[in-house]
Amino acid sequence: MIDNAVAALADYAVRTGLIEETDRVWAVNRLLDALDKKTYEAPATVEARPLEAILGELLDYAVAQGVLEDGVTSRDLFDAELMGRLTPRPSQVIRTFEEKYARSPREATDWYYRFSQDTDYIRRYRIARDRKWVTPTSYGDLDITINLSKPEKDPRAIAAAKAAPQGGYPKCQLCRENEGYAGRMDHPARQNHRVIPITIDGQPWFLQYSPYVYYNEHCIALNSRHVPMKIDRSAFRKLLDFVKRFPHYFVGSNADLPIVGGSILSHDHFQGGRYTFAMEKAPVERAVSFPGYADVEAGIVKWPMSVLRLRCADDGRLVDLADRVLTAWRGYTDADAFVFAETDGEPHNTITPIARMREGQFELDLVLRNNITTAEYPLGVYHPHPELHHIKKENIGLIEVMGLAVLPARLKGEMAALADVLVSGGDLRADEALAKHADWAEELQTRYAFTRENVTGILEQEIGQVFAAVLEHAGVYKCTQQGRDAFLRFIDSVR
C-alpha cells in the first residue's frame, strides 16, 4: 500500500510539472531513500489523490517504521523534506521565471504562485481551513479572517527547541538562506522553498510568497542582507521600483517601530500581492496641497487610520514628497492632539507606506503611526484598547492597516462556544475562555434575539465592527472635526 503512495507522489510531481516523465524513477528512489525503504514494487495503476492524503499516508508510514517521531512539527519537517526532493533547483526556477517575465510580469507571477503551491510550500489544504467573511462598515467592506493555517505550537517542539543548541543560521525566517534549509524543531523546513532575485533601488532583494497567504498572491520582498526594517527615502524608492517591475501588484511596508510595526522588525522586507483592500477603495475625503508640488495630487483618505494619499505620473516626485512628509512627521509634536515625536529620547513617529499603480499613475498611501504608551495604555495609545483585546490584542501591521483583520485561531472555538451559550441562555462568565467576551456579549444581547439560525452570522458581523473600532483606536487622528483639524495642522507643517 505504501508503494502506491510513493508512486502517487511521484505522479503528482509529474502532473504538476515539478519533474518530467523521465525523472519518475529517480523521484521514486529519492522518496524511498527518505523513507528508509529498501524495496519497492511499482503499482500497475496510480490513483490521483489529494496531496494532503498522499503525504499523510507517507508520514504515517514513517512514524510506524520509526523513521519519524510523531508530532505536528516533526511531521511538517518531514513532509517538506519529501517535497523538497521533488522541487527543481533554484537555477531552474529562476530561469523559468525570467523566461515568463520576458513575455509578461503577470505570466511570471501566475506561474511562480502556482509553483509555490504545487511544491506544498504554500499548503493549499491548510489555507482552505481559514475562516473568512466580509463586514460592511462606514469605512467600506472590511475583510475578516481567523487564521487557522499556521499549525499550533507543539509542546514537544517547544521542549526540544529549548534543549537544542542555539544557532544563528538562518538568522531569521525571512533570510535568503532559508531556501532549501532542512529546518529544526524551532525553525520551519524550507527544502521546497525557492526565491526569485530582483533589484530595487539598485540593491539586491528577493521575491517569494508567504506560506500562510492572508490574501491572493500574498508575496514578500526581502532584503538580501539581514538588516532591520527602516522607513526612509530609499524605502519609498524601493516600493515604487517594485510596482514598476510588477504593476499588477501592490506593495507596502510595515512601520519600523515596535507596537506599530509588524511581527518581524529584524529583517527589512515588504509585503505585496494581487489584492484590492478596503483602504485602496476608500475615497479621498479632502484634497490638500504641498508647496512646490502642484503636479502631485494629494488628499486625506476617508479611513479610520490617518492616511495621506499621493498620486503622480512621475515616481521621482512622489519619492521627494514622501521623504518630506516622513522627515516632518519624525520630528512633529502637537501636544493638543497628543502627538509627541519623542519622550525621554525614544522616537514615536513613523509611517506605514503602501504603493500601487492606478490608472497609469504611481500612488503612495502614507499612514501616520505613533507608538507612544501611557500608564493607562501600556500597550500603546494608538493600539487596540483593552476593551477590544478579547478579539484583537496583537500589533496592527500593514495588512490590517489596509482593512484585513488577521484574528487569532482561538476565536474559532471561542465563538462556537459563545454561540451555544447565547442561544441556550447560559452563564457567559462560567467559562474562563468565554468570560473575556462577556461584557461584549451581554451588550449584544440587548440588541439581538439569538437563535441557532442567526447566531453565527451576528457574531461574525459584530466581530467585524470590533475590527473597525480597532482601526479607529490605531488611528492617530480621529475621524472627527477636531481630528481632521489636527491632521491639517501637520500637513501645513510639511515644507
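Notes on the structure in this doc start here.

## Some remarks on the sheet that holds strand 1 (residues 131–137)
Then comes step 1: Strand order across the open sheet formed by three strands is 1-2-15, with mixed pairing between neighbours. In this open sheet, the two strands that pair with only one neighbour each are strand 1 and strand 15 (404–407). Strand-to-strand twist of the sheet, defined as the mean angle between neighbouring strand axes without regard to direction, takes the value 20°.
Then comes step 2: Sheet topology places strand 1 next to strand 2 (residues 140–146); seven bridges connect them, and they run antiparallel. Among the inter-strand pairings, Val-134 is bridged to a residue of strand 2, identified as Asp-143.
Then comes step 3: Its contacts with the sheet place helix 16 (residues 455–474) against strand 1, strand 2 and strand 15, and it is angled at close to 65° to strand 1.

## Describing unusual backbone geometry
Then comes step 1: Between Tyr-169 and Pro-170 the backbone carries a cis peptide bond, its omega angle lying at -20°.
Then comes step 2: Following the sequence through the fold, Pro-170 ends up in the loop between helix 8 (155–163) and strand 3 (196–200).
Then comes step 3: Of note in the backbone geometry, Asp-120 takes a positive phi value of approximately 75° without being a glycine.
Then comes step 4: By the secondary structure assignment, Asp-120 is in the loop between helix 6 (105–118) and helix 7 (124–127).
Then comes step 5: Even without a glycine there, the phi angle at Asp-344 is positive, about 55°.
Then comes step 6: Structurally, Asp-344 is set in the loop between strand 11 (342–343) and strand 12 (346–347).
Then comes step 7: Accessibility expressed as a relative area gives 83% for Asp-344, which makes it exposed.

## Observations concerning the sheet that holds strand 5 (residues 219–223)
Then comes step 1: As summarised here, the arrangement of the ten strands in space is 3-4-5-7-6-13-14-10-9-8, forming an open sheet in which the pairing is antiparallel. With partners counted over all chains shown, the strands left at the sheet margins are strand 3 and strand 8 (284–288), one partner each. Along the sheet, successive strands turn relative to each other by an average axial angle of 25°, direction set aside.
Then comes step 2: Bridge count for strand 6 (residues 250–252) against strand 7 (residues 269–273) is three bridges, and the pairing is antiparallel. What sits directly across from Val-251, in strand 7, is Gly-272.
Then comes step 3: The strands that helix 17 (residues 481–493) touches are strand 8, strand 9 (297–301), strand 10 (307–312) and strand 14 (361–370); relative to strand 9, the one it contacts most, it runs at about 150°.

What counts as what
Along every chain, residues carry numbers that run from 1 in the direction the sequence is written. Totals for whole chains, interfaces and linings use every residue, but because this is a predicted model, local features are given only for residues with pLDDT of at least 70 and side-chain atom pairs only at 80 or more, for both listing and counting. Processing note: side-chain calculations cover all non-hydrogen atoms of the structure and skip hydrogens and water entirely. In this scheme, strands are said to pair when DSSP sees at least two bridges between them. Labels follow the DSSP assignment, with helices taken as runs of H or I lasting at least four residues and strands as runs of E lasting at least two, numbered in each case from the N terminus. Lines are fitted to the C-alpha atoms to define the axes, a helix being fitted only along its stretch in contact, and any angle between axes, read from their N-to-C directions, falls within 0 to 180 degrees. What makes two residues a contact is simply this: any of their non-hydrogen atoms within 4.5 Å. Think of it in three bands: with a 1.4 Å probe and only protein chains considered, a residue is buried below 20% of the maximum accessible area for its type, exposed above 50%, and partly exposed in between.

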